[in-house]
Number of protein chains: 2
Amino acid sequence: MQRILNNPDDIVDEMLAGFLNVYGNLVERTGNPRVVRAKDIPPGKTGVVTGGGSGHKPAFVGYVGKNMCDAAAVGEICSSPTAAAFLDAFRAADQGRGVACLYGNYSGDNMNVRMAVKMAEKEGIHVETVAANDDVASAPKEKREKRRGVAGEVFMWKAGGAKAAQGAELDEVIAAARKAIDNTRSVGIGLTPCTLPAVGHPNFEIKEGTMEVGIGHHGEPGIEVCGLESAAGMAKRMADIVLGDNPFGKKEEAAVLISGLGATPMMELYVLYNEIEQLFRKKGIHIYKAYVGDYFTSLDMMGVTLTVMKLDDELKELLDFPAQCVGMTQL
Amino acid sequence: MQRILNNPDDIVDEMLAGFLNVYGNLVERTGNPRVVRAKDIPPGKTGVVTGGGSGHKPAFVGYVGKNMCDAAAVGEICSSPTAAAFLDAFRAADQGRGVACLYGNYSGDNMNVRMAVKMAEKEGIHVETVAANDDVASAPKEKREKRRGVAGEVFMWKAGGAKAAQGAELDEVIAAARKAIDNTRSVGIGLTPCTLPAVGHPNFEIKEGTMEVGIGHHGEPGIEVCGLESAAGMAKRMADIVLGDNPFGKKEEAAVLISGLGATPMMELYVLYNEIEQLFRKKGIHIYKAYVGDYFTSLDMMGVTLTVMKLDDELKELLDFPAQCVGMTQL
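Bear in mind the structure is a predicted one, so any value in this text is a computation, not a measurement.

Calculation notes
- Residues numbered from 1 in each chain as written.
- Chains lettered and ligands numbered in written order.
- Predicted model: local features only at pLDDT ≥ 70, side-chain atom pairs only at ≥ 80, totals over all residues.
- Heavy atoms only, no water.
- Helix = DSSP H or I, 4+ residues; strand = E, 2+ residues; numbered from the N terminus.
- Rg over C-alpha atoms; globule rule 2.2 N^0.38 Å.
- Buried < 20%, exposed > 50% of the residue type's maximum accessible area, 1.4 Å probe, protein only.
- Contact = heavy atoms within 4.5 Å.
- Areas by Shrake-Rupley, 256 points an atom, 1.4 Å probe, with all protein chains shown as cover.
- Lys, Arg positive; Asp, Glu negative; His and termini not counted.
- Charge placed at Lys NZ, Arg CZ, Asp CG, Glu CD.
- Phe/Tyr/Trp six-rings, centres within 6.5 Å; stacked < 30°, edge-to-face > 60°.
- Lys NZ or Arg CZ within 6 Å of the ring centre and 35° of its normal.
- Buried area = accessible area lost by both parts, 1.4 Å probe.
- Salt bridge = Lys/Arg side-chain N within 4 Å of Asp/Glu carboxyl O.
- Polar contact = N/O pair within 3.5 Å; in protein donor to acceptor, adjacent residues only side chain to side chain.
- Nonpolar A, V, L, I, M, F, W, Y, C, P; charged D, E, K, R; others polar.
- Least-squares fit on C-alpha atoms with pLDDT ≥ 70 in both.
- Axes fitted to C-alpha atoms, helices over the stretch in contact; angles between N-to-C directions.
- Parallel < 35°, antiparallel > 145°, perpendicular 65-115°, else oblique.
- Left-handed = near helix turned anticlockwise from the far one by under 90°.
- Domains from an automatic or database assignment.
- Pairing = 2+ DSSP bridges.

1. Some remarks on the overall build of chain A
Thought 1: Regarding its fold elements, chain A presents eight helices and 14 strands.
Thought 2: Taking 20 Å as the expected radius of gyration for a compact globule of 331 residues, we find that chain A reaches 19 Å, a close match to that expectation.
Thought 3: Principal-axis analysis of the C-alpha atoms gives chain A an extent of 55 × 50 × 35 Å.
Thought 4: By residue count, 66% of the 331 residues in chain A fall in the buried class.
Thought 5: Taking contacts inside chain A between residues at least 6 apart in sequence as the whole, the part at least 24 apart equals 72%.
Thought 6: Per element, the accessible surface of chain A, about 11200 Å² overall, is 51% carbon and sulfur.
Thought 7: One way to put it: in chain A the 35 positive side-chain charges average out to a point 4 Å from where the 43 negative ones average out.

2. Some remarks on the packing of aromatic side chains
Residue and element names in this part refer to chain A.
Thought 1: The full count for this structure, using the stated rule, is 22 aromatic pairs over all chains.
Thought 2: Ring centres of Phe60 and Trp157 lie 5.7 Å apart, and the angle between their planes is 70°; this geometry places the pair in the edge-to-face category. Of the two residues, Phe60 is situated in the loop between strand E3 (47-54) and strand E4 (71-77) and Trp157 in helix H4 (residues 153-165); the sequence distance between them amounts to 97 residues. Each member of the pair, Phe60 as well as Trp157, is classed as buried.
Thought 3: Relative to Phe296, the ring of Phe60 has its centre 5.7 Å away and its plane inclined at 80°; by these criteria the two rings are edge-to-face. Pair noted here: Phe60 is in the loop between E3 and E4 and Phe296 is in the loop between strand E11 (286-293) and strand E12 (303-310), with a separation of 236 residues, a long-range link. Each of the two residues, Phe60 as well as Phe296, counts as buried.
Thought 4: Taken together, the aromatic side chains of Phe60, Tyr63, Trp157 and Phe296 make up a single cluster linked through ring pairs.
Thought 5: One residue, Lys316, lies across the ring of Tyr288, its end atom 4.9 Å from the ring centre.

3. Remarks on the interface of chain B and chain A
Thought 1: The interface is formed by 55 residues belonging to chain B together with 55 residues belonging to chain A.
Thought 2: Across the interface of chain B and chain A, roughly 4800 Å² is buried in total on both sides, 64% from carbon and sulfur atoms.
Thought 3: Looking only at chain B, the three residues that lose the most surface to chain A are Gln2, Ile4 and Met267 of chain B, adding up to 19% of its buried area.
Thought 4: Summed over the shared surface of chain B and chain A, the result is two salt bridges.
Thought 5: Between Arg3 of chain A and Glu268 of chain B there is a salt bridge whose closest N-O contact spans 2.3 Å.
Thought 6: Run the count over chain B and chain A and you get 22 residue pairs in polar contact (both at pLDDT 80 or more).
Thought 7: Only helix H1 (11-22), helix H6 (231-245), helix H7 (266-283) and strand E11 (286-293) of chain B provide two or more residues apiece to the side of chain B that touches chain A.
Thought 8: Here the side of chain B that touches chain A takes 10 residues from H7 of chain B, the largest share from any one element.
Thought 9: Across the side of chain B that touches chain A, the residue classes tally to 32 nonpolar, 13 polar and 10 charged.

4. Section: the environment of Thr82 of chain B
Residue and element names in this part refer to chain B.
Thought 1: With respect to the element layout, Thr82 can be found in the loop between strand E4 (71-77) and helix H2 (83-93).
Thought 2: Looking at Thr82, the relative accessible area reads 46%, which means it is partly exposed.
Thought 3: A distance of 3.0 Å separates a polar atom in the side chain of Thr82 from the backbone nitrogen of Ala85.

5. Here we look at the pattern of salt bridges
Thought 1: All chains considered together, the criterion is met by 46 salt bridges over all chains.
Thought 2: Where Lys316 of chain A meets Glu253 of chain A, a salt bridge forms, and the shortest distance between an N and an O atom there is 2.3 Å. Here the residue Lys316 of chain A occupies a position in helix H8 (residues 313-320), and Glu253 of chain A occupies one in strand E10 (residues 253-260), the gap between them amounting to 63 residues. For the pair shown, Lys316 of chain A and Glu253 of chain A are each scored as buried.
Thought 3: Residue Lys310 of chain B pairs with Glu252 of chain B through a salt bridge whose shortest N-O separation is 3.3 Å.

6. Structural notes on the relation of the copies chain B and chain A
Thought 1: Rotating chain B by 180° and moving it 0.0 Å along the rotation axis overlays it on chain A with an RMSD of 0.0 Å. A rotation of that kind, with that shift, is consistent with a two-fold axis. In terms of C-alpha distance to the rotation axis, chain B has Ala263 of chain B as its closest residue, with the C-alpha 1.8 Å off the axis.
Thought 2: A symmetric contact is evident, with 100% of the interface residues of chain B recurring at the interface of chain A.

7. With respect to the packing of helix H2 (residues 83-93) of chain A against helix H3 (residues 107-122) of chain A
Residue and element names in this part refer to chain A.
Thought 1: The geometry of H2 relative to H3 is characterised by a closest axis approach of 8 Å and an angle of 50° between their N-to-C directions. By the criterion of interaxial angle, the relationship of H2 to H3 is oblique. When you trace H2 past H3, the crossing you get is right-handed. Residue-level contacts link Ala83, Phe86, Leu87 and Phe90 of H2 to Asp109, Asn112, Val113, Met115, Ala116, Val117, Met119 and Ala120 of H3.
Thought 2: Its residues placed into classes, the contact of H2 with H3 shows 10 nonpolar, one polar and one charged.

8. A look at the domain arrangement of chain A
Residues and elements named next belong to chain A.
Thought 1: Per the domain assignment, the segments of chain A are domain 1 (11-180) and domain 2 (184-311).
Thought 2: Taking only C-alpha atoms into account, the centre of domain 1 sits 23 Å from that of domain 2.
Thought 3: Taken residue by residue, the interface counts 27 residues in domain 1 and 30 residues in domain 2.
Thought 4: Interface area lost by domain 1 to domain 2 is led by His56, Val136 and Phe155, which between them contribute 25%.
Thought 5: The interface formed by domain 1 and domain 2 holds one salt bridge in total.

9. Some points on the sheet that holds strand E3 (residues 47-54) of chain B
Residues and elements named next belong to chain B.
Thought 1: Read from one edge to the other, the open sheet built from six strands follows the order E1-E2-E4-E3-E5-E6, with strand pairing classed as mixed. Edge strands, defined here as strands with exactly one partner in the open sheet, are strand E1 (27-29) and strand E6 (127-132). Averaged over neighbouring strand pairs, the angle between their axes works out to 25° when direction is ignored.
Thought 2: Relative to strand E5 (residues 99-104), E3 runs parallel, the two being bridged by three bridges. Among the inter-strand pairings, Val49 is bridged to a residue of E5, identified as Cys101.

10. Section: the environment of Gly53 of chain B
Residue and element names in this part refer to chain B.
Thought 1: Inspection of the secondary structure puts Gly53 in strand E3.
Thought 2: The class for Gly53 is buried, based on a relative accessible area of 11%.
Thought 3: Sequence spacing of Gly53 and Asp94 is 41 residues, and the spatial spacing of their C-alpha atoms is 22 Å.
Thought 4: Excluding anything up to four places from it in sequence, Gly53 contacts Phe60, Gly75, Glu76, Cys78, Ser79 and Pro81.

11. So, the packing of H4 of chain A against helix H5 (residues 170-182) of chain A
Residues and elements named next belong to chain A.
Thought 1: Running from amino to carboxyl end, H4 crosses H5 at an angle of 155°, the nearest separation of the two axes being 8 Å. Considering their axes alone, H4 and H5 lie roughly antiparallel with respect to each other. Both H4 and H5 take part in a crossing whose hand is right-handed. Contacts from Glu153, Phe155, Met156, Ala159, Gly160, Lys163 and Ala164 of H4 reach H5 at Glu172, Val173, Ala176, Ala177, Ala180 and Ile181.

As structure tokens, this is what we get:
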């Protein structure tokens, strides 16, 4: 395992220590070492919280910042934050107007968020939740509530974060975040497996010359293993999946986000985007805004996710609203 | 080769097409398909140009933008842009006050820049150059002029770009860029080799369980191959090399840049920064500003570079000056 680390058990603490020191202008420590808070949260705003397992940088702490999430709960590598961490994140973000907890639909996170919400209510902190479920490959359309959250969470945080920053009440923030994720579909292609630092070897396999379509961020199996395709082939396959699940009418507008999975050279993400852009143009779908980079990764996995959000005027305004965090800056 | 590409011969064109479509707010095409120009260059400013081979994203085109480079010449994968491309970049950036060409010290780039400067002079465009040589491992201290430019170029562009944006004359821009690179030292550690897409297999080897200290961005051999160390060990080794070459006095201040080499998980870069920060604190060196991410990569290589710039008041002011480009945003 060719990696940069000390004792694998310390990786989350050490990563957070480094992160907090680099971005002291944007984020700060709280009393709970697994909770990061935004600096200078405007007084009186509705709180926005996220959280999830580590290993997905810049998610989740990288989306804490100005007009984005106010706090994030941090879990171990690929495992949910504790209920206590979510609760402390709610406490860090609540200013009496309640908290929107915008997280990904995984069983561990669901359980811990549910417990934390109950504990918070006892303290008089009202929390409403949205569990992102943008990953098309993880369950059929009839069972959308079973789908996982992946890079579409970035759009959910952007929409909810902007809405809260505009002074909205909790129910409006929740509605904006829910609309964002309801309008969003993602799919991933894995080219190599990832290695949990504490394990030291890949916990699944992707054979050279093949690719796994619909792979999850923790190596959850996808829809299909097939022969490695060209960038054009991958683009078509991914676009067919996300647009097939949420068809666009002519002249409808999209936000597109292409994220590397951690070990994918940036150059290749631009090559893929070039194909996506051409495909969308042929279909008459206008790409209003595109994001290409490492937005939501999976340790050292090679591969990519495509995320597409169908836009309306409100979502466009929320995307365009200024924001500053490590994962995304909007001027 | 598990990669996202079409015909490897088209990768630079396709990458540029994707890049230009994503960042149409920051950069634009020129008449030369291998020259990218910043949008809305302020009238009358001294020009700043860079350029280099492809495969180092976000370098070089990612440093074209507001208050950074005005234009970049783009080469094939790991090979210099042509003299014609550099010349067109000078033309794109010149507004009658001359052009600072801030690039990396490689023989191909040196040759093509030299030719382009001569051709430009014939057209009445005055160009002065700085060839970055921050890579300590590439030549001994007595032969600094032979050293390669690596991630320290980012500081050179930031300093020169800010100076030009402040309305400085060409000689002042050159002086600022030269001071930045003269005060900067870098060293890299390679953990895996990289693969040129057109070749399809790694063109050198790094054995599992070893690391190559001082590796170049194209796999140029380093100072030493040794057993893989912990993050703490790597940090100490790298800090000893850069600080040994350019010692800091007590209370001197540093800017630190840690860049992944393309396939390094971001989390591990923060772990390494945490070690560097502690080492510097023990030595009494204050880190004024830190940058951790993919700033200057090498295709799909795993590994990292450490870059340290010794600061004075002018360099601090230039780092803090607002800038916006894909590789770095300063608010």
